[in-house]
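# Tertiary structure, described
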Amino acid sequence: HMPSVIEKLLCDFARSLTIINPEQMIEKAKGETAYLPCKFTVSDEDQGPLDIEWLLSPADNQKPDQVIILYSGDKIYVDYYQDLKGRVHFTSNDITSGDASINVTNLQLSDIGIYQCKVKKAPGVANKKVQLTVLVKPSGIRCFIDGSEEIGNDFKLKCEPKEGSLPLRYEWQKLSDSQKMPDSWLPEMTSPVISVKNATSEYSGTYSCTVRNRVGSDQCLLRLDVVPPSNRAGTIAGAIIGTLLALVLIGCIVFCCHKKRREEKYEKEVHHDIREDVPPPKSRTSTARSYIGSNHSSLGSMSPSNMEGYSKTLYNQVPSEDFERAPQSPTLPPAKVAAPNLSRMGAVPVMIPAQSKDGSIV
Ligand SMILES: *[C@@H]1O[C@H](CO)[C@@H](O)[C@H](O)[C@H]1NC(C)=O
Ligand SMILES: *[C@@H]1O[C@H](CO)[C@@H](O)[C@H](O)[C@H]1NC(C)=O
């Protein structure tokens with residue numbers, strides 16, 4: 001009677017607990033939530049307690065199967081597997097009604113693997129597998145021109161995503177003007193690189209490159225300006241020459257203004273000096289006063305070599321009464337002043353430096 005017993009058992013299996021799972025493969029983007037369905041029906045004969053177990057066989061074959069969530073004795077147990085900590089949940093509030101589906105949130109590449117739903121309600125048992133694939137959306141995509149975009153030149157238009165799971169699909173489009181891609185580019189419209197040969201100015205315009213994979217897409221824009229080589233050189237040379245001309249012009253203006261101011265001051269100085277020098281000093285005080293005036297006005301335009309120390313020291317003393325006592329001043333350089341004059345003429349030694357200063361300018 002052995003065969004009939006086996007037959008009876010097979011029959012029982014067929015009638016008992018069953019998992020209805022249409023999907024066997026699920027593909028999601030990194031960071032998204034994966035819904036792993038596991039809906040089941042029980043037969044009247046399945047009278048035992050309901051036990052549900054989800055197992056993960058990681059894609060990495062070295063890792064053993066892992067329990068990731070458990071339902072037993074009306075309780076839910078999680079956090080068996082550290083990599084999925086806090087990211088696995090039953091989706092149904094009433095598991096006993098026949099829904100053992102789970103969600104895995106914030107998907108990571110390490111979540112890739114085969115997930116197995118095991119339902120047990122004695123004597124019924126059933127299990128079903130679903131494969132989860134986590135893909136990375138294309139992102140950080142960069143469009144650029146490799147080469148020199150000049151008429152008659154060969155160069156490349158490139159489109160490079162920073163990341164994105166394979167297989168990636170590329171699509172170039174022209175966004176400006178007629179939106180018509182050059183005919184010679186059409187064979188490469190779906191490749192990451194377009195090789196441009198013998199460029200013409202009609203190629204100029206704005207292009208987009210879109211990169212797609214099964215979970216997402218990203219796009220970059222590229223502005224192409226095909227110009228004559230001479231134009232480019234001309235533009236650069238023009239910019240340089242223009243800048244230089246501007247600098248020279250500014251230099252001229254500054255120089256001329258400065259020179260003019262100097263000349264004006266110089267004329268003033270000469271004027272003063274003539275007025276001072278030609279008529280002999282009538283009184284000490286008037287001479288000193290006029291000297292103070294000329295000294296003040298001339299200092300600004302005097303070069304350091306002209307000042308040579310004496311006028312600086314004098315200026316430091318102006319306009320104090322030291323002026324009257326200038327002959328006794330220890331800071332006055334003695335070289336240019338005759339000692340007898342100092343004692344004899346009082347204010348005159350002050351005049352002597354002024355004269356010698358004028359002499360060095362003229
Ligand atoms: C499970 O994830 C799906 C998206 O994959 C979402 O629509 C659903 O609301 C989630 N369910 C729960 C209970 O979080
Ligand atoms: C490049 O294109 C111009 C016209 O656009 C043509 O006259 C020339 O022969 C081409 N040169 C090459 C090397 O194909």
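Residues numbered from 1 in each chain as written. Chains lettered and ligands numbered in written order. Predicted model: local features only at pLDDT ≥ 70, side-chain atom pairs only at ≥ 80, totals over all residues. Heavy atoms only, no water.

Selection rule: UniProt positions are given in the numbering used here, feature names are shortened, and annotations may be inferred rather than shown by experiment.
By the naming in an unreviewed UniProt entry, the chain goes by Coxsackievirus and adenovirus receptor homolog and is assigned to Oryctolagus cuniculus. Check the Subunit (unreviewed entry) section of the UniProt entry for the chain; it says "Monomer. May form homodimer. Interacts with LNX, MAGI1, DLG4, PRKCABP, TJP1 and CTNNB1. Interacts with MPDZ; recruits MPDZ to intercellular contact sites. Interacts with JAML (homodimeric form)."

## Let's talk about the pairing of strand β15 (residues 193-196)
In plain terms, the rule: Burial classification: accessible surface area is computed with a 1.4 Å probe over protein chains only, and a residue below 20% of its type maximum counts as buried, one above 50% as exposed, and the rest as partly exposed. Think of it this way: any DSSP run of H or I at least four residues long counts as a helix, any run of E at least two long counts as a strand, and we number them from the N terminus. Two strands pair under a simple rule: DSSP has to find at least two bridges between them.
Residues I194 and V196 of β15 are buried on one face, while the alternating residues V193 and S195, pointing to the opposite face, are not. Both strand β13 (residues 155-160) and β15 contribute to a ladder of four bridges, which runs antiparallel. Bridging from a neighbouring strand, K156 pairs with S195 of β15.

## Things to note about the nonpolar core
Quick reminder of the rule: To qualify as a nonpolar core, a set must consist of buried Ala, Val, Leu, Ile, Met, Phe, Trp, Tyr and Cys residues joined through side-chain atoms within 4.5 Å. Should any heavy atoms of two residues lie within 4.5 Å, those residues are considered in contact.
In terms of nonpolar packing, the biggest core is built from 30 residues, with L36, I52, W54, I68 and Y115 touching the most fellow members. Discounting chain neighbours no more than four positions away, the residues touching L36 are I26, W54, S101, I102, V104, Y115, V130 and L132. Counting residues in each nonpolar core, the second largest holds 21 residues, with C143, W172, C209 and L224 among its members.

## Description of the site of ligand 1
The condition that has to hold: Whether a residue is near a molecule or strand depends on its heavy atoms: if one lies within 4 Å, it is near. Contacts described as polar in this section are N or O atom pairs within 3.5 Å, which, within protein, must combine one atom able to donate a hydrogen with one able to accept it, while residues neighboring in sequence count only if both atoms come from side chains. What sets the accessible areas is the Shrake-Rupley method with a 1.4 Å probe; for residues, cover comes only from the shown protein chains. Ten residues, namely Ala, Val, Leu, Ile, Met, Phe, Trp, Tyr, Cys and Pro, are considered nonpolar, four, namely Asp, Glu, Lys and Arg, are considered charged, and the remaining ones, Gly among them, are considered polar.
Every residue near ligand 1 is listed here: T33, Y35, T91 and N103. Separating an oxygen atom of ligand 1 from a backbone N or O atom of T33 is a distance of 3.3 Å. One of the side-chain nitrogen or oxygen atoms of N103 is found 2.4 Å away from an oxygen atom of ligand 1. In the complex, the protein chains occlude 40% of the 360 Å² of accessible area that ligand 1 would expose alone. Tallied by class, residues from the shell around ligand 1 come to one nonpolar, three polar and no charged.

## As for the pattern of salt bridges
Side-chain pairs of opposite charge can arise where the charged atoms are in close proximity. Short version of the rule: Here, a salt bridge means any side-chain nitrogen of Lys or Arg that lies within 4 Å of a carboxyl oxygen of Asp or Glu.
A full pass over the atoms with the stated rule returns ten salt bridges. Among the ionic pairs, R214 bridges to E27, the shortest N-O distance being 2.6 Å. One end of the pair, R214, is in the loop between β16 (205-213) and β17 (216-224); the other, E27, is in strand β2 (residues 25-29), with 187 residues separating them in the sequence.

## Observations concerning the sheet that holds strand β3 (residues 34-36)
The cut-off we apply is this: All axes are obtained by fitting lines to C-alpha atoms, using only the stretch in contact for helices, and the reported angles, taken between N-to-C directions, cover 0 to 180 degrees.
Strand order across the open sheet formed by three strands is β3-β9-β8, with antiparallel pairing between neighbours. Two strands in the sheet have a free side with no partner beyond their single neighbour: β3 and β8 (88-90). Averaged over all adjacent pairs, the angle separating strand axes in this sheet is 25°, with direction ignored. Pairing analysis gives three bridges linking β3 to strand β9 (residues 102-104), with the strands arranged antiparallel. Residue pairing for β9: A34 is matched across the bridge by V104.

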